[in-house]
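# A look at the structure
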Amino acid sequence: MGIATRLHEVLKELPQGVRLVAVSKFHPDEAIEEAYREGQRIFGESRAQELKAKHETLPKDIEWHFIGTLQTNKIKYIIPYIAMIHGIDSYKLLAEVNKHAQKTGRAVDCLLQLHIAQEETKFGFSFDECREMLAAKDWQSLENVRIRGLMGMASNTDDEEQIKREFCSLYEFFRELKSAHLAEQPAFNELSMGMSHDYHLAIAAGSTLVRVGSRIFGERY
Ligand SMILES: *Cc1c(COP(=O)(O)O)cnc(C)c1O
């Protein structure tokens with residue numbers, strides 16, 4: 001079965017209001033082109049240099065989403081064209097993105113990443129750190145970033161109940177922030193959760209953006 005078939009299988013399962021970020025990291029241009037020919041326009045990458053190379057050769061109407069850990073010295077490679085950064089895990093990183101965005105005159109859409117999994121290896125704000133950051137209000141003066149929502153990764157486990165609990169906790173937190181800190185920001189409306197093995201659970205819990213890679217493109221080597 002090819003990329004086109006698997007892409008359509010995933011797309012068929014998405015309810016209205018849920019968009020697909022096709023995670024193409026480590027896959028070659030040809031794989032992206034195949035999905036592009038089927039109409040897919042949102043692609044996710046996790047390394048700045050790989051993204052830069054792909055952006056240079058692939059069609060310009062692709063909407064690139066950065067889903068990895070963004071090192072500050074790499075921000076400049078992606079700022080001119082990045083559509084959304086999913087992994088903002090500190091105020092410092094948000095301010096740094098703002099600084100680079102200012103130079104290009106753009107406002108960059110960002111998602112705050114929350115640590116909802118049990119694994120220590122995963123990144124993100126704790127709920128309390130995120131509340132504190134938003135309560136401090138410094139972020140409101142950052143004119144070249146827009147906080148569009150939240151992102152989270154569930155634990156890598158077969159325990160569906162646990163995955164559901166983690167996604168639901170992020171959804172609840174999203175609702176809380178929307179009324180407590182971001183009530184005047186109607187653009188705070190994205191919830192990025194769900195990968196190849198758990199996107200069904202994420203959709204049931206209120207995801208608006210699923211980040212699906214191997215289910216469409218196959219294993220990464
Ligand atoms: C790689 C990656 C994905 C896609 O993972 P698959 O299991 O291949 O669907 C989604 N989100 C993030 C943050 C990733 O790094």
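Residues numbered from 1 in each chain as written. Predicted model: local features only at pLDDT ≥ 70, side-chain atom pairs only at ≥ 80, totals over all residues. Heavy atoms only, no water.

### Let's talk about the nonpolar core
Selection rule: Only buried residues count toward a nonpolar core, which is a set of Ala, Val, Leu, Ile, Met, Phe, Trp, Tyr and Cys residues joined through side-chain atoms within 4.5 Å. Note on exposure labels: buried denotes an accessible area under 20% of the residue type's maximum, exposed denotes more than 50%, and partly exposed covers the range between, all computed with a 1.4 Å probe on protein chains only. Runs of H or I in DSSP of at least four residues are treated as helices and runs of E of at least two as strands, each being numbered from the N terminus. Contact between two residues is taken to exist if any of their heavy atoms lie within 4.5 Å; hydrogens are not considered.
One finds Ile85, Val97, Leu112 and Leu150 to be the most contacted residues of the largest nonpolar core, which totals 64 residues. In terms of residues, this core owes the most to one element, helix 7 (residues 160–180), which gives six residues. Those residues within four positions of leucine 150 in sequence are excluded, and the remaining contacts are Leu111, Leu112, Leu114, Leu170, Phe173, Phe174, Leu177, Phe188, Glu190, Leu191 and Ser192. Grouped together as the second largest cluster of nonpolar side chains are six residues, Val21, Ile42, Met84 and Met151 included.

### Remarks on the site of the ligand
Definition in use: Any residue with at least one heavy atom within 4 Å of a molecule or strand is counted as near it. Counting of polar contacts relies on pairs of N or O atoms within 3.5 Å, with two restrictions inside protein: one atom must be capable of donating a hydrogen and the other of accepting it, and residues adjacent in sequence are counted only when both atoms are side-chain atoms. Accessible surface area values rest on a Shrake-Rupley calculation with a 1.4 Å probe, where residue burial reflects the displayed protein chains alone. Think of a 1 Å grid over just the protein atoms. A cavity is a set of points where a 1.4 Å probe fits yet cannot get out, a pocket is an open set with protein on both sides within 12 Å along at least five of seven lines, and lining residues have an atom within 4 Å of a point. Any molecule with more than half of its atoms within 2 Å of a cavity's or pocket's grid points is counted as sitting in it. Just so you know the grouping, Ala, Val, Leu, Ile, Met, Phe, Trp, Tyr, Cys and Pro go in nonpolar, Asp, Glu, Lys and Arg go in charged, and all remaining residues, Gly too, go in polar.
Taken together, Val23, Lys25, Ile67, Met151, Met153, Met195, Ser196, Arg211, Val212, Gly213, Ser214 and Arg220 are the residues near the ligand. In this structure, serine 196 approaches the ligand through a side-chain N or O atom, which is 2.5 Å from an oxygen atom. A distance of 2.8 Å separates a nitrogen atom of the ligand from a polar side-chain atom of arginine 211. In the complex, the protein chains occlude 90% of the 390 Å² of accessible area that the ligand would expose alone. The cavity that encloses the ligand is the largest pocket. When grouped by side-chain class, the residues that make up the shell around the ligand number six nonpolar, three polar and three charged.

### Digging into the side chain of histidine 100
Checked against the element boundaries, histidine 100 lands in helix 5 (residues 91–104). For histidine 100, a relative accessible area of 14% gives the class buried. In this view, histidine 100 contacts Thr72, Ile75, Lys76 and Ile79; residues no more than four positions away in its chain are not counted.

### Comments concerning the packing of helix 1 (residues 3–12) against helix 2 (residues 29–37)
Quick note on the threshold: To define axes, lines are fitted to C-alpha atoms, for helices over the stretch in contact only, and angles between the resulting N-to-C directions are given on a 0 to 180 degree scale. Throughout, the term roughly parallel applies to angles under 35 degrees, roughly antiparallel to angles over 145, roughly perpendicular to angles from 65 to 115, and oblique to all others. In this scheme the handedness of a crossing depends on how the near helix is turned from the far one: anticlockwise by less than a right angle means left-handed, clockwise means right-handed.
One way to put it is that helix 1 packs onto helix 2 with a least axis distance of 9 Å and a crossing angle of 55°. The angle between helix 1 and helix 2 falls in the class oblique. Crossing hand, helix 1 versus helix 2: right-handed. Side by side, helix 1 and helix 2 meet where Ile3, Ala4 and Leu7 of the first sit next to Ala31, Glu34 and Ala35 of the second.

### A closer look at unusual backbone geometry
Even without glycine at this site, phenylalanine 26 takes up a positive phi of about 70°. Residue classification places phenylalanine 26 among the partly exposed residues on the basis of a relative accessible area of 37%. The phi torsion at lysine 137 lies on the positive side, around 70°, for a residue other than glycine. Along the chain, lysine 137 turns up in the loop between helix 6 (127–136) and strand 6 (145–152). Lysine 137 gets classed as partly exposed once you look at its relative accessible area, which sits at 46%.

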